[in-house]
Number of protein chains: 2
Amino acid sequence: MRDGLPRNQALVLDMLRSDQGRALTAYELLARLGPAGMRGPQTIYRALEGLLKCGLIHRIESLNAFTACAHAHEGHGYGHHTHRPAFAVCRNCGAVRELDDPALAAVLGVVADRSGFAVQDRVIELVGACGACAAAPG
Amino acid sequence: MRDGLPRNQALVLDMLRSDQGRALTAYELLARLGPAGMRGPQTIYRALEGLLKCGLIHRIESLNAFTACAHAHEGHGYGHHTHRPAFAVCRNCGAVRELDDPALAAVLGVVADRSGFAVQDRVIELVGACGACAAAPG
DNA sequence: GCGGATGACGTGATGTTATCACATAACTGA
DNA sequence: TCAGTTATGTGATAACATCACGTCATCCGC
Ligand SMILES: [Zn+2]
Ligand SMILES: [Zn+2]
Ligand SMILES: [Zn+2]
Ligand SMILES: [Zn+2]
């Protein structure tokens, strides 16, 4: 159990990290990890749930996909401090970049307070074209 | 064709407006509008696509659901200026509130510029409990 | 060691969300 | 009228996610 993670979580995390900077859907993971013994969606979703809970991956709502946390490194394991960063997402190539901006975090805090909602989670995604795709023809 | 909208778009928009401040999924709309003659998901999704395009409704990514724009009024029709506001979303009761905050818009602009992405769309959702649900027992 | 509690996993079925493909009808402007 | 476009009807299918139930292993108090 690499990193002290259960086998399936380790498999999924390794796969997501091997695609660092991109996002994969649950079924893409299933297809890639079928040979490694993961045979049903449930298996994948359970692993994803565990990894989300301990902050090692993030869900990208606008893609229904998942990406390894750019700040969770080998040694962190279970104790990694979870965060909810903003993301820039490329519709063309699936590139995903975490955007950690203190000013954004601050203003989101203010907006949340004013909203009268007890905010438990944030979804902040800037969707468009990454530099490469914006420059490319077509 | 109310508001100059095609029949199905008008049906969907009326239904969403009748649930102002909440979000409905495509299949909830289908169930409610079946009696009015909308019989397949495709019919609903086509209407939603048209309404999204002219800014009369918004999609809530964290709910896979849709809500009438709080600022689109009777007279606006096709020409309504589209915007991509932030939302506060209640997980418990489905309440949705548009949050229009100039400071947030400004800082998002800065973050987008810095990201190196050509941002085409934004998903900004604060997910939690609305005031009523936060106060309620259970 | 036993017995229960917990956590991880396997797996088939099912539920939910979204799109494809193709045919038909309606509207628009020569 | 006739072509081009927009809107619609409809069955099938794809993509995303969860339920339900059973198994096995580990841990812990007894
Ligand atoms: Zn991260
Ligand atoms: Zn790209
Ligand atoms: Zn609006
Ligand atoms: Zn509520």
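Residues numbered from 1 in each chain as written. Chains lettered and ligands numbered in written order. Predicted model: local features only at pLDDT ≥ 70, side-chain atom pairs only at ≥ 80, totals over all residues. Heavy atoms only, no water.

**Q** Just to check I follow, could you spell out the protein's contact with DNA strand D for this structure?
**A** Near DNA strand D, the surroundings consist of 14 residues, among which Y27(A), Q42(A), R59(A), R7(B) and R46(B) are the closest. For DNA strand D, the backbone makes up 45% of the atoms found within 4 Å of the protein, where backbone means sugar plus phosphate. Between DNA strand D and R59(A) there is a distance of 2.4 Å, counted from a phosphate oxygen to a side-chain nitrogen or oxygen. At a separation of 2.9 Å, a phosphate oxygen of DNA strand D approaches a polar side-chain atom of R7(B). At the level of secondary structure, the elements contributing two or more residues to the surface near DNA strand D comprise helix 3 (41-53) of chain A together with helix 1 (7-18) and helix 3 (41-53) of chain B. Across the surface near DNA strand D, the residue classes tally to four nonpolar, six polar and four charged. (Near = heavy atom within 4 Å. Polar contact = N/O pair within 3.5 Å; in protein donor to acceptor, adjacent residues only side chain to side chain. Helix = DSSP H or I, 4+ residues; strand = E, 2+ residues; numbered from the N terminus. Nonpolar A, V, L, I, M, F, W, Y, C, P; charged D, E, K, R; others polar.)

**Q** Which parts of the structure should I look at to understand the coordination of the zinc ion (ligand 3)?
**A** Ideal geometry at a metal gives 109.5 degrees between four tetrahedral donors and either 90 or 180 degrees between six octahedral ones. All names here are of chain B. Around the zinc ion (ligand 3), the protein supplies H58 (NE2), C69 (SG), H83 (NE2), E98 (OE) and E98 (OE) as donor atoms, at distances of 2.0 to 2.6 Å. Considered as a linear motif, the donors of the zinc ion (ligand 3) on their single chain read H-x10-C-x13-H-x14-E. One end of the pair, H83, is in the loop between strand 2 (65-68) and strand 3 (86-90); the other, E98, is in strand 4 (residues 96-99), and 15 residues separate them in sequence. By relative accessible area, which is 22% here, H83 ends up partly exposed. (Donors = N, O, S within 2.8 Å, 3.2 Å for Na, K, Ca; no water. Buried < 20%, exposed > 50% of the residue type's maximum accessible area, 1.4 Å probe, protein only.)

**Q** I'm lost on the interface of chain A and chain B in this one. Help?
**A** Often the size quoted for an interface is simply the accessible area lost on bringing the parts together. The interface of chain A with chain B comprises 35 residues on the first partner and 35 residues on the second. Here chain A packs against chain B, burying approximately 2900 Å² in sum over the two surfaces, 64% of which is carbon and sulfur. Area buried by chain A at its contact with chain B is led by F117(A), V123(A) and L126(A), which between them contribute 22% of it. For the interface between chain A and chain B, the tally reads four salt bridges. Two residues, R114(B) and D101(A), come together in a salt bridge whose shortest N-O distance is 2.8 Å. The interface formed by chain A and chain B contains 14 residue pairs in polar contact (both at pLDDT 80 or more). (Contact = heavy atoms within 4.5 Å. Buried area = accessible area lost by both parts, 1.4 Å probe. Salt bridge = Lys/Arg side-chain N within 4 Å of Asp/Glu carboxyl O.)

**Q** Before we go on, may I ask you to explain the sheet that holds strand 4 (residues 96-99) of chain A in this structure?
**A** Strand pairing in a sheet takes place through backbone hydrogen bonds and is either antiparallel or parallel in direction. Read from one edge to the other, the open sheet built from six strands follows the order 4(A)-3(A)-5(A)-5(B)-3(B)-4(B), with strand pairing classed as mixed. Unpaired on one side and paired on the other, strand 4 of chain A together with strand 4 of chain B mark the two borders of the sheet. When the angles between neighbouring strand axes are averaged without regard to direction, this sheet yields 25°. The pairing of strand 3 (residues 86-90) of chain A with strand 5 (residues 118-129) of chain A spans four bridges and is parallel. Paired with A88(A) across the strands is L126(A), a residue of strand 5 of chain A. Packed onto the sheet, helix 4 (residues 102-115) of chain A meets strand 3 and strand 5 of chain A together with strand 3, strand 4 and strand 5 (118-129) of chain B and runs at close to 130° relative to strand 5 of chain A. Together, strand 3, strand 4 and strand 5 of chain A together with strand 3 and strand 5 of chain B form the strand contacts of helix 4 (residues 102-115) of chain B, whose direction differs from that of strand 5 of chain B by roughly 130°. (Pairing = 2+ DSSP bridges. Axes fitted to C-alpha atoms, helices over the stretch in contact; angles between N-to-C directions.)

What is shown is where atoms sit, not what they do.
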